[in-house]
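These are the residues of each chain, in order.
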Amino acid sequence: MSDMLSITRAARLVGVARSELQKKIQSGEMASHDGMIGVDSLLNCYPNAELEDTSEFQRINQIKERSFGKRVLERVLPDAEVLAARITELGKTLSLSQEQVNKFNVLLHRLWEKLDQLETQDDLSSSKLIINDLKSWIKKEVELAMELGTANPLAIKDSMLHVMTAQVTVLPSKHDFLVDGRDSLLEAAMRAGIPLNYGCSGGNCGLCKAKVVSGEVKKTRHHDFVISHEEQDRGYFLLCSNTAVSDVTLEAPVAGSVQDIPFQQIEAKVKMSGHISDDILLLHLQTPRTHRLRFLAGQRVTLRVGQSFSSQLSIASCPCDDRNVLFHIQRQTGNLFSDYVFDRLKLNDTVEIEGPLGEFILHEKSTRPLCFFVFDNGFAPVKSLIEHALSLEIENIRLYWFGSSQQHIYLPNVAHSWADALDNFYYEEHVLGFDLRSLNANREKMLIKVIENVVAGDSHIIQGDVYIAGAELTVNVVEKYFLGKGFPKTRVSVECVK
Ligand code: FES
């Protein structure tokens, strides 16, 4: 086991979220060097770390897995060949360590013989005492070293972790993530919320081409895209068709802004459509396996149904499941798109998706609390952002949901389940009792008063990044309030939903 561990591996070893270790590093409670944590420092903070202590990790993982959808069920042991390669690698390390121990034994034996020889020389009588002393000390130390102590649980767990998972570091962005089970490198990165460049997810487009800098990757899925022999020799491979055998460092582009995501046109099928409330419909679209939707959490797309009835809608799911895309559609009487979706759209019908669009995305580099202000059906893009934030293990999240009526807070159980499962997730809902889509001067005042009270009661908000989503009128009023409070524009993100 190496003396220095990455934050990702250390978190997995002691069974906590990365954010918990990051907090300890920031507060000076835990020492780190170049983003790595020393084993001693880790054991100082978690002296009772045991093999079974994975509760926190499992808790976070369950939430992430719920976001990731059904594909998680396919996760089992790594591919047999990958497993064999990792065990072989572990065997090599073990045999190297044994060889080293043997060499040290021989060295010790020779030293002992030398001391014996010295002891028998008459002219060294004055040093005999010292030699004797030295021999007894060596004897005692060797006996102590040979005693079978208790194995370090972290070392055992680290060996297991090396068999079950591999760690990947991406350059130049320095993102890192673990590859579990049979996941391809692309799937593992998506699960960890890292937007690596890709297109089809199925080995056809070549957009996920990356280069190995160190470590070993293995092709586990067929791909039609051709990588020339020359490129293969230089370490190029496809992220969607390969997994990591050992810990790997690779060069791959990561989408840092909306401009990095290409415009796409996809024909998806209706997988499910059902009412969440009288006025809100949950639409679940599934893209073809080889043509998935690449987007950033919080973005929207144009949906086209029937004879070209279209609407721009926020995506209500996480980019970590790029094949299953969810929408919350508000009934708007007289709107041709909404009428079609509510009254005529059936299972397996085709819906065209175009996009993605919009800049309502997470400021991932910010370490400030995430404060979400949701108004009625503004929950859709916020749900996508929160699921993505949980993939990134960002935990200081405040969610305030304001409804025109109780019915407008249409998925309170989702928000409550986040708050129940996470220590630093705070959720509060407010029923306003007036229609947020038709504000007048009096209602604006009432709305501001409620927001003022919320801000006064939660000290995290003033230090946080604020994300506001809802109908345009409401969003404008609330944005103006925060800017008026002195929030810089870079810390206030807004999204108007239909
Ligand atoms: S994403 Fe298209 S080839 Fe990998």
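Residues numbered from 1 in each chain as written. Predicted model: local features only at pLDDT ≥ 70, side-chain atom pairs only at ≥ 80, totals over all residues.

> Break down the overall build of the protein for me, with residues and values.
Helix and strand counts for the protein come out as 15 helices and 21 strands. Counting the 498 residues in the protein, one finds 36% classified as buried. In the protein, the proportion of contacts linking residues at least 24 apart, taken out of those at least 6 apart, comes to 73%. (Helix = DSSP H or I, 4+ residues; strand = E, 2+ residues; numbered from the N terminus. Buried ≥ 20, exposed ≤ 12 C-beta atoms within 10 Å, placed from the backbone. Contact = placed C-beta atoms within 7 Å.)

> Tell me about the sheet that holds strand β13 (residues 300-305), residues and numbers included.
Backbone hydrogen bonds are what pair the strands of a sheet, in a parallel or an antiparallel way. With respect to topology, 6 strands assemble into an open sheet ordered β14-β13-β16-β11-β12-β15, the strand pairing being antiparallel. Edge strands, defined here as strands with exactly one partner in the open sheet, are β14 (309-314) and β15 (324-330). Sheet twist, expressed as the average angle between the axes of neighbouring strands with direction ignored, equals 35°. Bridge analysis of β13 against β14 gives 6 bridges, and the strand direction is antiparallel. Residue pairing across strands places L303 opposite S311, the latter belonging to β14. Packing of helix α10 (residues 336-343) onto the sheet brings it into contact with β12 (280-286), β13, β14 and β15, and relative to β14 it is tilted by some 85°. (Pairing = 2+ DSSP bridges. Axes fitted to C-alpha atoms, helices over the stretch in contact; angles between N-to-C directions.)

> Outline the sheet that holds strand β3 (residues 36-38), supporting the account with residue identities and numerical values.
With antiparallel pairing, the 3 strands of this open sheet are ordered in space as β1-β3-β2. Looking at strand neighbours, the two that pair on one side only are β1 (4-6) and β2 (32-33), the edges of this open sheet. Summarising the sheet, β1 and β3 pair through 3 bridges and their orientation is antiparallel. Following the sheet pairing, S6 is matched in β3 by M36. Contacts from helix α1 (residues 7-14) reach β1 and β3, with the element oriented near 95° to β1.

> I'd love a proper account of the pairing of β13, names of residues and values included.
The hairpin formed by β13 and β14 contains 3 residues between the paired strands, and G306 there has a positive phi angle of roughly 50°. Here 4 bridges tie β13 to strand β16 (residues 350-357), and the two strands are oriented antiparallel to one another. Residue pairing for β16: R304 is matched across the bridge by E352.

> Account for the confidence of the model for the protein, with residues named and values stated.
Note that predicted coordinates carrying low pLDDT should not be read in detail. Averaged over every residue, the pLDDT of the protein is 86; residues scoring 70 or more account for 91%. Every residue in residues 69-75 scores below 50 in pLDDT, and together they form 9 contacts with partners more than four places removed in sequence or on other chains. (pLDDT = per-residue confidence, 0-100.)

> Explain the packing of helix α13 (residues 441-457) against helix α15 (residues 472-484) residue by residue, including any values.
Between α13 and α15, the shortest axis-to-axis distance is 11 Å and the interhelical angle comes to 50°. Compared by their axis directions, α13 and α15 come out oblique. Judged by the twist between their axes, the crossing of α13 over α15 is right-handed. Taken together, the residues of α15 that come into contact with α13 (itself represented by E444, L447, I448 and I451) are V477, V478 and Y481. Among the residues forming the contact of α13 with α15, the class breakdown is 6 nonpolar, no polar and 1 charged. (Parallel < 35°, antiparallel > 145°, perpendicular 65-115°, else oblique. Left-handed = near helix turned anticlockwise from the far one by under 90°. Nonpolar A, V, L, I, M, F, W, Y, C, P; charged D, E, K, R; others polar.)

> Outline α1, supporting the account with residue identities and numerical values.
Among the 8 residues in α1, 8 count as buried, and that is most of the element. Every buried residue belonging to α1 is among I7, T8, R9, A10, A11, R12, L13 and V14, and all of these are buried. Trailing α1 by a residue or two, G15 shows a phi angle of about 75°, which is positive.

> Residue-level account of the nonpolar core, with values.
Among the nonpolar cores identified, the biggest contains 95 residues, and L239 and V374 are the most heavily contacted of them. Examining the composition of this core, we find that 7 residues originate from one element, helix α11 (residues 379-391), more than from any other. The next biggest cluster of nonpolar side chains, apart from the first, holds 13 residues, and it includes A17, M30, L42 and Y46. (Core = buried A, V, L, I, M, F, W, Y, C linked by C-beta atoms within 7 Å.)

> Let's hear about the pairing of strand β19 (residues 425-431): which residues, and what values?
Of the pairings in the sheet, the one linking strand β18 (residues 397-403) to β19 comprises 7 bridges and is parallel in character. Each residue of the ladder has a partner; that of R398, found in β19, is Y426. Read from β18 through helix α12 (residues 412-421) to β19, the crossover connection turns out right-handed. (Right-handed = clockwise from strand over helix to strand, strands pointing away.)

> So what's going on with the environment of P369? Which residues, and what values?
Turning to its location among the elements, P369 is positioned in the loop between β16 and β17 (370-375). Aside from chain neighbours lying at most four places away, what touches P369 is N396, R398, H460, Q463 and G464.

> Which residues make up the packing of helix α5 (residues 80-120) against helix α6 (residues 128-146), and what values do they have?
Contact geometry of α5 with α6 gives a least axis separation of 10 Å together with a crossing angle of 155°. On the basis of the axis angle, α5 is roughly antiparallel to α6. The handedness of the crossing between α5 and α6 is left-handed. Contact residues: L108, L115, L118 and E119 in α5; K128, I131, L134, K135 and V142 in α6. Classifying every residue of the contact of α5 with α6 gives 6 nonpolar, no polar and 3 charged.

> Give a detailed account of unusual backbone geometry, specifying residues and quantitative values.
Geometrically, the link from L171 to P172 is a cis peptide bond, its omega value of 0° lying close to zero. Of note, the bond from G355 into P356 is cis; its omega dihedral lies within 30 degrees of zero at 10°. Within the secondary structure, P356 sits in strand β16. Positive phi, close to 65°, is recorded for S201, a residue that is not glycine. Tracing the sequence through the fold places S201 in the loop between α8 (185-191) and β6 (209-214). Given 24 C-beta atoms within 10 Å, S201 falls into the buried group. The phi torsion at E393 lies on the positive side, around 60°, for a residue other than glycine. The class of E393 is buried, set by 22 C-beta atoms lying within 10 Å.

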